[in-house]
Amino acid sequence: MATRGGDPVGFAMGRVAAQEAEVLTLAVHPAARRGGAGAALMRALMTAAAQRGASDMFLEVSEQNAAARRLYARLGATEAGRRRRYYPDGSDALVLRLALSPCGAAPGA
Ligand SMILES: CC(C)(COP(=O)(O)OP(=O)(O)OC[C@H]1O[C@@H](n2cnc3c(N)ncnc32)[C@H](O)[C@@H]1OP(=O)(O)O)[C@@H](O)C(=O)NCCC(=O)NCCS
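Residues numbered from 1 in each chain as written. Predicted model: local features only at pLDDT ≥ 70, side-chain atom pairs only at ≥ 80, totals over all residues. Heavy atoms only, no water.

A. Main features of the overall build of the protein. Of regular secondary structure, the protein possesses two helices and six strands. Scanning the protein from its N terminus toward the C terminus, one meets helices and strands in the order β-β-β-α-β-α-β-β. Its C-alpha atoms give the protein a radius of gyration of 14 Å, near enough to 13 Å, the size a compact globule of 109 residues would have. Summarising its shape, the C-alpha atoms of the protein cover approximately 40 × 35 × 25 Å along the three principal directions. Considering only contacts in the protein between residues 6 or more positions apart, those separated by 24 or more positions represent 56%. With an accessible surface of roughly 6,600 Å², the protein has 50% of that area assigned to carbon and sulfur atoms. (Helix = DSSP H or I, 4+ residues; strand = E, 2+ residues; numbered from the N terminus. Rg over C-alpha atoms; globule rule 2.2 N^0.38 Å. Contact = heavy atoms within 4.5 Å. Areas by Shrake-Rupley, 256 points an atom, 1.4 Å probe, with all protein chains shown as cover.)

Below, the structure is given as structure tokens:
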């Protein structure tokens, strides 16, 4: 959960199974975007996953979601695959991979 002035502005959820982590949800309130909350939430998720023993984190993002794709790219994500017509609007999902350092540091963030 990310807060500003005590109010929640966004949240992220993930899970870890053995050495692999997955981002389930990441969202920041529209009024609070471009303030660093999304990147902070992702870094917190990466740190938490690394602390639980994960070495890689995977996520799916619409190829049309420029904001999220740029955020993940800045965190060092690389493309690991593509799910064709994954979303209801027919767009593809990109499967991205983030390599987690043992201490959870996010390169390039
Ligand atoms: C994607 C999302 C979580 C980003 O949250 P945010 O708090 O705005 O992100 P940040 O402020 O931490 O931005 C970090 C970087 O991401 C990129 N970014 C974020 N929003 C962007 C936008 N609208 N356009 C282009 N780049 C963007 C930028 O590189 C930005 O760094 P900068 O502001 O220094 O240029 C937010 O837009 C959101 O909730 N979107 C709807 C839900 C969603 O798409 N979730 C992801 C599903 S996979």
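B. Seen up close, the site of the ligand. Around the ligand lies a shell of 19 residues, among which Leu 26, Val 28, Gly 36, Asn 65 and Arg 74 are the nearest. In this structure, an oxygen atom belonging to the ligand sits 3.2 Å away from a main-chain N or O atom of Gly 35. Interatomic distance of 2.7 Å between a side-chain N/O atom of Arg 74 and an oxygen atom of the ligand. Relative to its free-state accessible area of 910 Å², the ligand is covered by the protein chains to the extent of 75%. According to the grid-proximity analysis, the pocket containing the ligand is the largest pocket. Every element with two or more residues in the shell around the ligand is listed here: β3 (20–28), α1 (37–51), β4 (56–62) and α2 (66–74). With six residues, α2 is the largest single contributor of residues to the shell around the ligand. Along the lines of polarity and charge, the residues of the shell around the ligand split into ten nonpolar, four polar and five charged. (Near = heavy atom within 4 Å. Polar contact = N/O pair within 3.5 Å; in protein donor to acceptor, adjacent residues only side chain to side chain. 1 Å grid on protein atoms, 1.4 Å probe; cavity = no way out; pocket = protein on both sides within 12 Å on 5 of 7 lines; lining within 4 Å. Sits in = over half its atoms within 2 Å of the grid points. Nonpolar A, V, L, I, M, F, W, Y, C, P; charged D, E, K, R; others polar.)

C. How the structure looks around the environment of Val 28. Mapping Val 28 onto the fold places it in strand β3. By relative accessible area, which is 13% here, Val 28 ends up buried. Spatially, the C-alpha atoms of Val 28 and Ala 54 are 25 Å apart, while their sequence positions differ by 26 residues. Discounting chain neighbours no more than four positions away, the residues touching Val 28 are Val 9, Gly 10, Arg 33, Ala 37, Gly 38 and Leu 41. (Buried < 20%, exposed > 50% of the residue type's maximum accessible area, 1.4 Å probe, protein only.)

D. Summary view of α2. Ala 68, Leu 71 and Tyr 72 are the residues of α2 that are buried. Projected onto a plane normal to the axis of α2, the buried residues spread over an arc of 95° and lie on a single side. Exposed and oriented more than 90 degrees from the buried face of α2 are Ala 66, Arg 70 and Arg 74. The inward-facing, buried residues of α2 abut β3, α1, β4 and β6 (93–99). Gly 76 lies just past α2 and shows a positive phi near 100°. (Arc of directions from axis to C-beta.)

Fair warning: the whole summary comes from geometry, so function is off the table for now.
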